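Architecture at a glance
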Amino acid sequence: MAGFRNVAGNEPVRNWWDNNGQQIAFSRGNRAFIAINNENFGMDVTLQTGLPSGNYCDIISGNKINNSCTGKTFNVNQDGTLRVLIKYYEEDPIIAIHLESKL
């Protein structure tokens, strides 16, 4: 997550979303996006990431090595949205992507 913070820099919190419970998501300007599910049920929403379209390596589940990812990948749509699907029983029910994790 240090890399996430370094890429996000001092960008403001944008695109805040929550379910009025224990699911939240937000972007840091147009540089980084994170979603967290701390509920006992799944999270399945389409949210604005603030990021350019393309495939991104989730830095929670893996690492970007060259132009591939050792973990999960997520596709940000042309309009900057992303379908966030996080099962409640995942070991780490978090996704985090940023400009430098773009594949």
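The coordinates are above.
Only a predicted model underlies this, so the values are computations on that prediction, with no experimental measurement involved.

Attention shifts here to the state of the cysteines. The tally for this structure, following the rule as stated, stands at one disulfide. Sulfur-sulfur distance for the disulfide between C57 and C69 comes to 2.1 Å. Because the sign of the S-S torsion sets the handedness, a value of about 60° for the bond joining C57 and C69 places this disulfide among the right-handed ones. Highlighted residues: C57 in strand 5 (residues 54–57) and C69 in strand 7 (residues 68–69), separated in sequence by 12 residues.

What follows concerns the environment of T81. Position of T81 among the secondary structure elements: in strand 9 (residues 81–86). Taking the C-alpha atoms as reference, T81 lies 24 Å from A2; in sequence the two are 79 residues apart. Among the polar contacts made by the side chain of T81, one reaches the side chain of D79 at a distance of 2.6 Å.

The phi angle of most residues is negative, glycine excepted, and most peptide bonds adopt the trans form. A positive phi angle is found at N15, which is not glycine, with a value near 55°. Mapped onto the secondary structure, N15 falls in strand 1 (residues 13–18). You can call N15 partly exposed: its relative accessible area is 32%. Positive phi, close to 55°, is recorded for N66, a residue that is not glycine.

The strand order across the open sheet formed by four strands is 1-2-3-10, and the pairing between neighbours is antiparallel. Looking at which strands have only one partner, the edges of the open sheet turn out to be strand 1 and strand 10 (94–98). Across the sheet, the axes of successive neighbouring strands diverge by a mean angle of 5°, strand direction being ignored.

What counts and how
Residues numbered from 1 in each chain as written. Predicted model: local features only at pLDDT ≥ 70, side-chain atom pairs only at ≥ 80, totals over all residues. Heavy atoms only, no water. Disulfide = S-S within 2.5 Å. Helix = DSSP H or I, 4+ residues; strand = E, 2+ residues; numbered from the N terminus. Polar contact = N/O pair within 3.5 Å; in protein donor to acceptor, adjacent residues only side chain to side chain. Buried < 20%, exposed > 50% of the residue type's maximum accessible area, 1.4 Å probe, protein only. Pairing = 2+ DSSP bridges. Axes fitted to C-alpha atoms, helices over the stretch in contact; angles between N-to-C directions.

Spatial relationships are all this shows, so hold off on functional conclusions.
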